[in-house]
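# Fold and contact review
Given next are the chains, with one letter for each unit.
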Amino acid sequence: MAIHPFDPISDAELRLTSKLIKDKTTGPFKPHFVQIDRDDPPKKEMIKYLEAERKGLPLPRIPRVTHAFYYLDTTLHKALVNVSAAHIITDVALPKGVQGPLLADDLAEIEKLATTHPACVAEIEKLKLPDHIHVVCDPWMNGVDCVEDRYLIQCYMYLANANHPESNHYSLPLKFSPVFEGLSRKFVRMDYLPAGIDEKTAPTQPWTEFPLVEYHPDLNGETLRELKPLIVEQPEGPGFKVTGHKIEWQGWSFYVIPNVREGFAVYDIHFKGRSVIYRLSLNEMTVPYGDPRAPYHRKQAFDLGDAGFGATGNSLGLGCDCLGVIKYFDNRRTNRDGEPVFIPSTVCLHEQDHGLLYKHVNYRTGHSVVARRREFAVQTIATVANYEYAVNLIFDQVGEIKIQVRATGILSTMPIEKGLTVPWGTNVGPLVMAAYHQHMLSFRIDPAVDGYQNTVCYDDVLRMEPNTKLNPYNVGFYTERSYVEKPGYVEQSPFTNRAYKIINENVINPTSKKPVGYKIMMPARQMLMAGPESYNNKRAQYATQQMWVTKYRDGELYAAGEFTNQSQNDTGVGIWSKRNENVRNSDPVVWATLGFTHIPRPEDFPVMPVEIHEIHVTPFGFFEKNPALDVPQSNNKFNKSVYYDDATGAKSGASAGSCCGKANL
């Protein structure tokens, strides 16, 4: 099969990219690669390609272009490579202080240094540890509190049971934290962590043994409860079709493309032959911590820009992360030498049941109509040090796309002295505290609602003027529509039930007599808590508002900008939203911020039950009527449910009927 312009980067393309750069490099330093991936094709050219593809016409040629981020000594370079023609388009040394994303190879070496460097060994010796306890390091991006040109790594140190590799080191945080240069591995300094109710620190003292809070079944001491199998079977096979990376299911068609930064992006989304979205993805997430004391004030990760959801993606397990008939897509990243590192099965695709789709009982006849809601899920799960994030795009049978994030994993912890509490964290174990923090996710929605000329608007629900001839009883209310004319943000307004919409003013719904559209349903949420003068705020302007609108330009894909590691300022939405240009009935891009403020609880430790957060992108006047009337009615001959008494062998007086269309009234 010929390679498609949307297809993910191949091993051959990754190797060609690094080879061309290595071949042209002269001087004492060799390239130190930190990211290589495919660039999106130009949108205008890609739209022509997709239209030709749908019509069966000859396909225009679109060159495959990759980007490479690499260091020569301490200077970060960005190269663009035409891998179709095997030549370098451009190769630019970036300004001093711009840093690339973290690379697993580099972090592994820093982890070793954190326990073997003489300065670190000296601190460890002060602990006077017993043989069954050893020291573990979590390397973190350094964050920012000043202008810093060096690429730095902050190492948070812990203790764990040396006799089991799965011991929970997050339950035994230490009070010293070495900092290293990320490239040279040079030791920079030793930070000491406050563990009281203020910013004061103390020298390292011998460790006083206290119990770990373990999560692994081998160690947690729990007796497992009984759990009987609940099997998801599809005896006739899957209801979806996969051709390359194109998916077709229940009227939907779209491309699922794994990548190293976002985990995956979905392109060219159509439902029942009509375009809905050109490109949809989680593009960034920042996680700022609320502990005001040094060095915790620098704890602000950009999990996609600093690490990458593809680079940190899990290899998903059959019967564990996804159930049913599963299709997997693989991913890959570069190592420092420009060689591909294969990450299998990082994206899973499958169907799932989600209760009722619709139901109505005609109480006069006792007959009902009932259909069950089936969904198609595209999922990736990334482990960024302590946290896991399961990102799902879920398609249903009525044209809705549910953006779902499940946060789990382990809290990032700090030491706290016995008997103390602080107002910016929760004690989750003996001498261990989890600081308050936020997760601020940006989803980029590049709409194509019945075409590529779209408008963003919002509707408020307001009371009618009281005591008028029309509204003498003061019960009336109405909607008022406002249009986004220029780039910027839309304020939340939960008490007017504000609803964000993307409409096509050029296509009128024959039933509603209004433009066709999609609604973006988001709960009102607290936005970024860091103050406007803080680096946390300056670096992540997107996180200060829930809804942003900019005008499309090729290459503008990431809300906080392309390079976030130790960034000083937001180089993304914070800049693009200030341009003086028209976005109405144009080519707008919507940036939806899904924020959640995490106040940890003891139940979140030692491993956190999933916390679910969602955005719904749902048709609003896009169709003339319910588009799911063609879904077959539900019946037990198809679903094969059984009575509890029959399953347990108990006697049952219940009817064994299988018809869902008759109500017992």
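Use the structure listed above.
All of these numbers come straight from a predicted model, not from anything done at the bench. (Residues numbered from 1 in each chain as written. Predicted model: local features only at pLDDT ≥ 70, side-chain atom pairs only at ≥ 80, totals over all residues. Heavy atoms only, no water.)

## A look at the environment of F605
- Note that F605 resides in the loop between β30 (588-598) and β31 (608-619).
- For F605, a relative accessible area of 8% gives the class buried.
- Along the sequence, F605 and I410 sit 195 residues apart, while their C-alpha atoms lie 6.8 Å from each other.
- Aside from chain neighbours lying at most four places away, what touches F605 is N168, Y170, S171, V213, I410, L411, T413 and V428. (Helix = DSSP H or I, 4+ residues; strand = E, 2+ residues; numbered from the N terminus. Buried < 20%, exposed > 50% of the residue type's maximum accessible area, 1.4 Å probe, protein only. Contact = heavy atoms within 4.5 Å.)

## Some points on helix α3 (residues 104-116)
- Between its first and last C-alpha atoms α3 spans 19 Å; for 13 residues at 1.5 Å apiece the expected length is 18 Å, and the two agree.
- Within α3 the residues assigned to the buried category are D106, L107, I110 and A114. The buried residues of α3 occupy one face: seen down the axis, they fall within an arc of 95 degrees. Of the residues in α3, the exposed ones pointing more than 90 degrees away from the buried face are K112 and T116.
- In this structure, the buried side of α3 is in contact with β1 (32-38), α4 (118-127), β5 (133-141), β6 (152-161) and β7 (176-181). (Expected span 1.5 Å × (residues − 1). Arc of directions from axis to C-beta.)

## Comments concerning the sheet that holds strand β4 (residues 87-93)
- If you walk across this open sheet you meet the four strands as β1-β2-β3-β4, and the pairing is antiparallel. The sheet is open, and its two borders are formed by β1 and β4, each paired with just one other strand. Ignoring strand direction, the axes of neighbouring strands in this sheet form an average angle of 15 degrees.
- As judged from the six bridges shared by strand β3 (residues 75-82) and β4, these two strands associate in the antiparallel manner. Counted as the bridge partner of A79 is D91 from β4.
- Contacting β1, β2 (65-72), β3 and β4, helix α1 (residues 11-24) crosses the sheet at an angle of about 135 degrees to β1. (Pairing = 2+ DSSP bridges. Axes fitted to C-alpha atoms, helices over the stretch in contact; angles between N-to-C directions.)

## Side note on α1
- The end-to-end C-alpha distance of α1, which contains 14 residues, comes to 20 Å, matching closely the 20 Å that a straight helix rising 1.5 Å per residue would cover.
- Every buried residue of α1 is listed here: E13, L14, T17, S18, L20 and I21. Take α1 and look down its axis: the buried residues cluster within an arc of 155 degrees, on one side only. The exposed set on the far side of α1, more than 90 degrees from its buried face, consists of A12 and D23.
- Elements that come into contact with the buried residues of α1 comprise β1, β2, β3, β4, β15 (327-334) and β16 (340-362).

## A look at the pairing of β31
- Looking at chain direction, strand β19 (residues 401-409) and β31 are connected through eight bridges and run antiparallel. Bridge pairing in β31 places Q404 opposite E614.
- When strand β28 (residues 515-521) meets β31, the two strands line up antiparallel, connected through four bridges. When the sheet's bridge partners are listed, I520 is paired in β31 with V617.

## Brief notes about the nonpolar core
- With 112 residues, the main nonpolar core has F254, V256, I269 and F395 as its most contacted residues.
- Once residues within four sequence positions are removed from consideration, V256 is found in contact with H245, I247, F264, A265, V266, F329, V347, L349 and V378.
- Listed in part, the 15 residues of the second largest apolar core include F302, A543, Y552 and A559. (Core = buried A, V, L, I, M, F, W, Y, C linked by side-chain atoms within 4.5 Å.)

## As for the packing of aromatic side chains
- Applying the stated criterion to the full structure yields 26 aromatic pairs.
- Between F622 and F623, the ring centres sit 5.0 Å apart and the planes meet at 85 degrees, which makes this aromatic pair edge-to-face. Taken as a pair, F622 and F623 share a single burial class, namely buried.
- Among the aromatic residues, those joined into a ring-pair cluster are F240, W249, W252, F254, F271, F376, F395, Y518, F622 and F623.
- Taking the ring centre of Y552 as reference, the NZ or CZ of K43 above it sits at 4.4 Å. (Phe/Tyr/Trp six-rings, centres within 6.5 Å; stacked < 30°, edge-to-face > 60°. Lys NZ or Arg CZ within 6 Å of the ring centre and 35° of its normal.)

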